[in-house]
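Each chain, letter by letter, is given below.
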Protein chains: 2
Amino acid sequence: MNRTEDGAGDAGATRAGRTSMRLGALRSHNSALVLDLLRTAGPEGISRLELAERTGLTPQAVSKITARLREDGLAAEAGHRASTGGKPRTVLRLVPEAGHALGVHLDRDELTAVLCDLTGAVVARRSAPLDLGAGAETVVERAVREVGELVAGGGRAGVVLGAGVALPGPLDHRSGVLHRVTGFPEWNGFPLRDVLARRLSLPVVVDKDTNAAALGLAVGGGAGSGTSFAYLHFGAGLGGGLVIDGTVHRGTRTGAGEFGHQVVQLDGPPCGCGNRGCVEALCLAAVARGDVAEAARVLGTAAGNLVALLDVDLVLLGGRTVAVAPETYVRGVAAVLAERARRAGSDAVPVRVASGAGQGVAEGAAQLLLAPLFGRAEG
Amino acid sequence: MNRTEDGAGDAGATRAGRTSMRLGALRSHNSALVLDLLRTAGPEGISRLELAERTGLTPQAVSKITARLREDGLAAEAGHRASTGGKPRTVLRLVPEAGHALGVHLDRDELTAVLCDLTGAVVARRSAPLDLGAGAETVVERAVREVGELVAGGGRAGVVLGAGVALPGPLDHRSGVLHRVTGFPEWNGFPLRDVLARRLSLPVVVDKDTNAAALGLAVGGGAGSGTSFAYLHFGAGLGGGLVIDGTVHRGTRTGAGEFGHQVVQLDGPPCGCGNRGCVEALCLAAVARGDVAEAARVLGTAAGNLVALLDVDLVLLGGRTVAVAPETYVRGVAAVLAERARRAGSDAVPVRVASGAGQGVAEGAAQLLLAPLFGRAEG
DNA sequence: TGCACTTTCGCAACAGCGTTGCGAAAGTGG
DNA sequence: CCACTTTCGCAACGCTGTTGCGAAAGTGCA
């Protein structure tokens, strides 16, 4: 893990927002591409020639790149394939222990921290009750302690790349400053990333819980690197995370994905946000009435709006409320989408329950650190 | 314009959808970056050192790149700046006549064709009445004739890069096949791109009219290369085009941007699309009643949904209906967005009328060919 | 068992990219 | 007129991925 150059992301940003491409950018791009294929290949590994085919690079280039990766300890040989009449292909695999990342999920009533290896697999996990409203200092203290014990107990902890932190409510992903965590105004303006980074002496990345969940699904959910989907989380509230071309779309002020307060009923019933007719309010009301089918229909309408606007190729549902009756929600949402697709003359967008019901927020938070290694930085 | 290598876009696509980076990709990327800055600099030009600062490249690299561009005839020296104590900077500018692109707008009742130079400036323009419902062959015939006369009359026509064609209704941008142009079912499945490409013996790109308009605004509207905005077109219908990070977002099946049939009133009044409560239906109904303020409010609600979901940094309005009372629409939409931003505790997203009221669809269509030269290919 | 054949993979030379070092060109200011 | 500053190009360099060729390691047939 001892790369020499490319420290903090090739600081050649232009004033206009676009970046020139240095030679090192090319190298790290192709390295990331190869690493990503090694990761998706899993423990069975993948041969050099296959890597060459799938990247479009020449076998020689792949040999060079994989040689560097092996020097760095990121890749290793793992046996051989059966020969097809010549020298058998040597299989390469990612070395999961070459690096680790921490993922922390600060939920309203619970803290979950995980230590993941390079493949994203959970090496160690801790959970503890938490009161998000207990104030920033208290929560930070808790998080630091839990993370510390996790790393200490992790046995032979390899290099820890950093910590990803996911929590509810709007925040600025770039600066790592919280805006106003829903229901906990005392967090307003708290520079969580910098405080935690200093306390942990590690790089820290913060993001919305729904974005973390979506990232986890993008990387681990078997979705290819080019897929686009919307993850809709229906729990105590209704939120969303957008993955476009394999990377999380956060928007200019990193506030994208606000799905719950989409207005689908002009001058409808009031919502907690102060507006009227938000999907969240309507869905929650329907659930309160026990009318799950109606909740699914309303959710489907909002999802249909999203699909029409962005043309994603998948809708994933998750969250505690969905977990109560997953089939009903999937069927309800899918029905609305199918009807709209039929009218538009196109194929319907598939709807599925997110693997793990989207509960892997902490794992997704760890991916905030891991994903960039595999070329999944911001789109 | 005689580039040697990089023919049809570096055909090293991976099965997973991501591309490896050859050496030539780096070159063309940086060339495009410089070219884009030359374009935005306009006739006044820009010095090499300024190019170096803005791209992050070294002055030497810029010298090499601009030397190539001058060899190819794309750039030229244009005088000197005042000295600041040393050798004065030589100013470079884009040579607009080094290449041209055709833009064709097939509207329901009118055909507009333009010939643009590299800067996107219109060199020649023709308009003619058109009946989009007259059938594919008739329309193609008309388009070919108009384009032919345009090129012939264009005087010393430089190299024509190709033709961009914009028309209403859903279509597949990638394959260039129409789905069902709204109201003209006979177009269903017509391979417009290939037919026109054969007839014109030119590369042809087709896209929705709203996407073309949005692209024109993204390139010519003074918006920086990194901006994201939504262009909402309210004319006979209501549509939209999304620009994210300076490039048009088209989605997996190139159907993105369907804004008009966003449902904002569950079980509301029926819409022509067969659904109920679509923005388009509500806005049109309000306009028919003469209640423009209400139309603006409804439009603002839908725009607010879009802004919350994508976090763009600008909303542009255009179209004939907006042009009737632009101030009313801007104020109405902005009011809704400001109110929502206030509740969320963030800054309001600015709303403006698109320059030219978004009527420059043909110019935008020409940009379908020009934009890739400046690195504005699909994001 | 031996030999021809196929396939994989690494070494060496190569072309192309941006970078560094240095010098020429072209001004300003004393 | 000369020192100084700034711009810009030439040459050498380090770094990419690429090409050519040969070694390694199997299979299959005589």
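The shown structure was predicted, so the numbers you read here are calculated from the model rather than taken from an experiment.

**Thoughts on the sheet that holds strand β4 (residues 100–106) of chain B**
Residues and elements named next belong to chain B.
- Here we have 5 strands laid out as an open sheet, ordered β6-β5-β4-β7-β10, and mixed in their pairing. This sheet does not close on itself; its edge strands, each paired only once, are β6 (122–129) and β10 (204–208). Taking the axes of each pair of neighbouring strands and ignoring which way they run, one obtains an average angle of 15 degrees across the sheet.
- Relative to β6, strand β5 (residues 110–117) runs antiparallel, the two sharing 7 bridges. By the bridge assignment for β6, V114 is matched with R125.
- Along the sheet, helix α6 (residues 209–220) makes contact with β4, β7 (160–167) and β10, crossing β10 at roughly 100 degrees.
- Across the face of the sheet, helix α11 (residues 361–370) comes into contact with β4, β5, β6, β7 and β10 while running at roughly 135 degrees to β4.

**Observations concerning the protein's contact with DNA strand D**
- Surveying the vicinity of DNA strand D reveals 27 residues, the closest of which are A:R27, A:T58, B:S63, B:R89 and B:T90.
- Each atom of DNA strand D within 4 Å of the protein was assigned to sugar, phosphate or base; sugar and phosphate come to 60%.
- The contact in question runs from a phosphate oxygen of DNA strand D to an N or O atom on the side chain of A:T58, over 2.5 Å.
- In the model, a base nitrogen of DNA strand D is placed 3.2 Å from a nitrogen or oxygen of the A:K64 side chain.
- Breaking the surface near DNA strand D down by element, the ones donating at least two residues are α1 (23–41) and α3 (59–71) of chain A together with α2 (48–55) and α3 (59–71) of chain B.

**Focus on the confidence of the model for chain A**
- Predicted confidence across chain A gives a mean pLDDT of 89, with 91% of residues reaching 70 or more.
- Within the model, the stretch residues 1–17 of chain A combines pLDDT values under 50 with 28 contacts to residues more than four positions away or in other chains.

**Quick notes on the interface of chain B and chain A**
- Listed as interface residues are 72 residues of chain B and, on the opposing side, 71 residues of chain A.
- Carbon and sulfur atoms make up 48% of the area that chain B and chain A hide from each other, which totals about 5800 Å².
- The residue A:R297 makes a salt bridge to B:D267 at a minimum N-O spacing of 2.9 Å.
- Where chain B meets chain A, there are 30 residue pairs in polar contact (both at pLDDT 80 or more).
- Only α1 (23–41), α2, β12 (238–244), α8 (292–310) and α10 (326–344) of chain B provide two or more residues apiece to the side of chain B that touches chain A.
- Considering every element that reaches the side of chain B that touches chain A, the biggest residue donor is α8(B), with 8 residues.
- Across the side of chain B that touches chain A, the residue classes break down as 25 nonpolar, 27 polar and 20 charged.

**Concerning the relation of the copies chain B and chain A**
- The transform that puts chain B on chain A rotates by 180 degrees and translates by 0.1 Å along the axis, for an RMSD of 0.1 Å. Considering both components of the superposition, the chain copies are consistent with a two-fold axis.
- Most of the interface of chain B is mirrored in chain A, where 99% of its interface residues are also at the interface.

**Section: the sheet that holds strand β2 (residues 75–80) of chain B**
Residue and element names in this part refer to chain B.
- The strand order across the open sheet formed by 3 strands is β1-β3-β2, and the pairing between neighbours is antiparallel. In the strand order of this sheet, the two ends are held by β1 (46–47) and β2, each with one partner.
- One ladder, built from 4 bridges, connects β2 with strand β3 (residues 90–94); its direction is antiparallel. Bridged to H80 within β3 is T90.

**Concerning helix α4 (residues 136–153) of chain A**
Residues and elements named next belong to chain A.
- For α4, which comprises 18 residues, the first-to-last C-alpha distance of 26 Å matches the rise-based estimate of 26 Å (1.5 Å per residue) to within 8%.
- When we look at burial in α4, the residues that qualify are A136, V139, V140, A143, V144, E146, V147 and L150.
- Taken together, the buried residues of α4 touch β4 (100–106), β5 (110–117), β6 (122–129) and α5 (192–200).

**Some thoughts on the packing of aromatic side chains**
Residues and elements named next belong to chain B.
- The tally for this structure, following the rule as stated, stands at 4 aromatic pairs over all chains.
- Summarising the aromatic geometry, the rings of W187 and F190 are spaced 5.6 Å apart at their centres and angled 90 degrees between planes, so their arrangement reads as edge-to-face.
- Judged by its relative accessible area of 13%, F190 falls in the buried class.
- When the centroid spacing of 5.9 Å and the interplanar angle of 85 degrees are considered together, the rings of F234 and Y329 count as edge-to-face.

**Focus: a negative patch on the surface**
Residues and elements named next belong to chain A.
- On the surface, a cluster of negative charge is made up of D109, E110, D131 and E186.
- Position of E110 among the secondary structure elements: in strand β5.
- On the basis of relative accessibility, which here comes to 36%, the residue E110 falls in the partly exposed class.

**Observations concerning the pairing of β5(B)**
- Buried residues dominate β5(B), accounting for 7 of its 8 residues.
- Hairpin connection of β4(B) to β5(B): 3 residues between the antiparallel strands.

**As for the environment of A:G257**
- Mapping A:G257 onto the fold places it in the loop between β13 (247–248) and α7 (279–288).
- Spatially, the C-alpha atom of A:G257 lies 9.6 Å from that of A:V243, the residues being 14 residues apart in sequence.

**Digging into the packing of helix α6 (residues 209–220) of chain A against helix α11 (residues 361–370) of chain A**
Residue and element names in this part refer to chain A.
- Two numbers describe how α6 lies on α11: the axes approach to 7 Å, and their chain directions differ by 80 degrees. Considering the angle they form, α6 stands roughly perpendicular to α11. Contacts between α6 and α11 involve D209, A212, A213, L215, G216 and V219 from the former and V361, G364, A365, Q367 and L368 from the latter.
- Of the residues contributing to the contact of α6 with α11, the split by class is 7 nonpolar, 3 polar and 1 charged.

**As for helix α5 (residues 192–200) of chain B**
Residues and elements named next belong to chain B.
- Buried within α5 are the following residues: L192, V195, L196 and L200. Take α5 and look down its axis: the buried residues cluster within an arc of 115 degrees, on one side only.
- Considering only its buried residues, α5 is in contact with β4, α4 (136–153), β7, β9 (177–178) and β10.
- Of the residues flanking the end of α5, it is S201, one or two places downstream, whose phi is positive at about 55 degrees.

**With respect to the protein's contact with DNA strand C**
- Contacts to DNA strand C come from 27 residues, most closely from A:S63, A:R89, A:T90, B:R27 and B:T58.
- Atoms of DNA strand C within 4 Å of the protein: sugar and phosphate make up 59%, bases the balance.
- At a separation of 2.8 Å, a base oxygen of DNA strand C approaches a polar side-chain atom of A:Q60.
- B:K64 is positioned with one of its side-chain polar atoms (N or O) 3.3 Å from a base nitrogen of DNA strand C.
- Put simply, the parts of the chain that give the surface near DNA strand C at least two residues each are α2 (48–55) and α3 of chain A together with α1 and α3 of chain B.
- In the surface near DNA strand C, the residues fall into 7 nonpolar, 12 polar and 8 charged.

**Points about the domain arrangement of chain A**
Residue and element names in this part refer to chain A.
- Domain boundaries assigned for chain A yield domain 1 (23–94), domain 2 (99–214 + 361–374) and domain 3 (224–354).
- Measuring from the centre of the C-alpha atoms in domain 1 to the corresponding centre in domain 2 gives 32 Å.
- Every contact between the two is made by 6 residues of domain 1 and, on the other side, 4 residues of domain 2.
- A combined buried area of about 510 Å² lies between domain 1 and domain 2, and 76% of that area is made up of carbon and sulfur atoms.
- Three residues, A32, R39 and L94, lead the burial of domain 1 against domain 2; their summed loss comes to 65% of the area buried on that side.
- Summed over the shared surface of domain 1 and domain 2, the result is 0 residue pairs in polar contact (both at pLDDT 80 or more).
- A breakdown of the residues in the side of domain 1 that touches domain 2 according to their chemical character gives 4 nonpolar, no polar and 2 charged.

Parameters at a glance
- Residues numbered from 1 in each chain as written.
- Chains lettered and ligands numbered in written order.
- Predicted model: local features only at pLDDT ≥ 70, side-chain atom pairs only at ≥ 80, totals over all residues.
- Heavy atoms only, no water.
- Pairing = 2+ DSSP bridges.
- Helix = DSSP H or I, 4+ residues; strand = E, 2+ residues; numbered from the N terminus.
- Axes fitted to C-alpha atoms, helices over the stretch in contact; angles between N-to-C directions.
- Contact = heavy atoms within 4.5 Å.
- Near = heavy atom within 4 Å.
- Polar contact = N/O pair within 3.5 Å; in protein donor to acceptor, adjacent residues only side chain to side chain.
- pLDDT = per-residue confidence, 0-100.
- Buried area = accessible area lost by both parts, 1.4 Å probe.
- Salt bridge = Lys/Arg side-chain N within 4 Å of Asp/Glu carboxyl O.
- Nonpolar A, V, L, I, M, F, W, Y, C, P; charged D, E, K, R; others polar.
- Least-squares fit on C-alpha atoms with pLDDT ≥ 70 in both.
- Expected span 1.5 Å × (residues − 1).
- Buried < 20%, exposed > 50% of the residue type's maximum accessible area, 1.4 Å probe, protein only.
- Phe/Tyr/Trp six-rings, centres within 6.5 Å; stacked < 30°, edge-to-face > 60°.
- Patch = residues over 30% accessible without salt bridge, like charges linked within 9 Å, V, L, I, M, F, W, Y side chains within 5 Å.
- Areas by Shrake-Rupley, 256 points an atom, 1.4 Å probe, with all protein chains shown as cover.
- Lys, Arg positive; Asp, Glu negative; His and termini not counted.
- Charge placed at Lys NZ, Arg CZ, Asp CG, Glu CD.
- Parallel < 35°, antiparallel > 145°, perpendicular 65-115°, else oblique.
- Arc of directions from axis to C-beta.
- Domains from an automatic or database assignment.

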